[in-house]
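# Residue-level structure breakdown
So the chains spell out like this:
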Amino acid sequence: MLKKILILNGPNLNMLGRRENDIYGIDTLDDIKLMCEQEAKNNGQTIVFRQTNIEGELVSWIQEALGEFDAIIINPAAYTHSSIAIHDAIKAVELPLIEVHLSNIYKREEFRQKSYISTVALGVICGLGKTGYKLALNALAEHDK
Ligand code: CA2
């Protein structure tokens, strides 16, 4: 079982619950963090939950996860659709990683329908709101059991 999980969140996710509630729901990122802490506890996992608006910070955190964490859950937000740097970092560390999106990116604008992350992810969850984070933790708890 993959026990130590790093959960990363990209740009503007710190705004959750304040705007665009119709797309992203009413929960704040702190609410999602609390839900993840609860789920991880039930699963016997430990988590570190982070958010940044800076692409390079995500790259550094992914690199630093090597030897520190068993797996990564990431919502790269808008960098999903543009970041070769995040793609390369994920490929380099070879840690199991689940890509999560609150919204169904395939039902939205065409520019959101391309992910640079999916090809280096173990799995992808989108369109299920905050439940996607919970499902990702549960999938990692089951992985390689
Ligand atoms: O559906 C998702 O989780 C996304 O990763 C969210 C990103 C978006 O760029 C991706 O295409 C899909 C945007 C997060 C921004 O969240 C906001 C929340 C409230 C107000 C403004 C932005």
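Everything in this summary refers to the structure shown in the same document. (Residues numbered from 1 in each chain as written. Predicted model: local features only at pLDDT ≥ 70, side-chain atom pairs only at ≥ 80, totals over all residues. Heavy atoms only, no water.)

### Points about the sheet that holds strand β4 (residues 97-101)
One open sheet accounts for five strands, arranged β2-β1-β3-β4-β5; its pairing is parallel. At either margin of the open sheet sits one strand with a lone partner, and together these are β2 (46-51) and β5 (123-126). For this sheet the average axis-to-axis angle between neighbouring strands, irrespective of direction, equals 15 degrees. Packing of helix α2 (residues 29-43) onto the sheet brings it into contact with β1 (4-9) and β2, and relative to β2 it is tilted by some 165 degrees. (Pairing = 2+ DSSP bridges. Helix = DSSP H or I, 4+ residues; strand = E, 2+ residues; numbered from the N terminus. Axes fitted to C-alpha atoms, helices over the stretch in contact; angles between N-to-C directions. Contact = heavy atoms within 4.5 Å.)

### Let's talk about the nonpolar core
By size, the foremost hydrophobic cluster in this structure holds 23 residues, and its most contacted members are Ile5, Ile7, Ile32, Cys36, Ile73 and Tyr133. Looking at this core, the elements that each hand over two or more residues are β1, α2, β2, β3 (71-75), β4 and α5 (131-142). Per element, the largest residue contribution to this core is five residues, and it comes from α2. With residues up to four places along the chain from it excluded, the contact list for Ile32 reads Leu16, Asp27, Phe49, Leu102, Lys130 and Tyr133. Ranked by size, the runner-up nonpolar core spans 20 residues in total, among them Leu8, Trp61, Val93 and Leu95. (Core = buried A, V, L, I, M, F, W, Y, C linked by side-chain atoms within 4.5 Å. Buried < 20%, exposed > 50% of the residue type's maximum accessible area, 1.4 Å probe, protein only.)

### Focus: the site of the ligand
Lining the immediate surroundings of the ligand are 17 residues, of which Asn75, His81, Leu102, Ser103 and Arg112 lie closest. Ser103 is positioned with one of its side-chain polar atoms (N or O) 2.6 Å from an oxygen atom of the ligand. Considering the ligand on its own, with 510 Å² of exposed area, one finds that the protein chains cover 93% of that surface. Its residues assigned to classes, the shell around the ligand comprises nine nonpolar, five polar and three charged. (Near = heavy atom within 4 Å. Polar contact = N/O pair within 3.5 Å; in protein donor to acceptor, adjacent residues only side chain to side chain. Areas by Shrake-Rupley, 256 points an atom, 1.4 Å probe, with all protein chains shown as cover. Nonpolar A, V, L, I, M, F, W, Y, C, P; charged D, E, K, R; others polar.)

### Considering the pattern of salt bridges
This model, assessed by the stated rule, comprises five salt bridges. Residue Arg108 is joined to Glu109 by a salt bridge in which the shortest nitrogen-to-oxygen separation is 3.8 Å. Residue classification places Arg108 among the buried residues on the basis of a relative accessible area of 17%. The partly exposed category is assigned to Glu109, whose relative accessible area is 35%. Three or more residues are tied together by salt bridges with common partners; here these are Arg108, Glu109 and Arg112. (Salt bridge = Lys/Arg side-chain N within 4 Å of Asp/Glu carboxyl O.)

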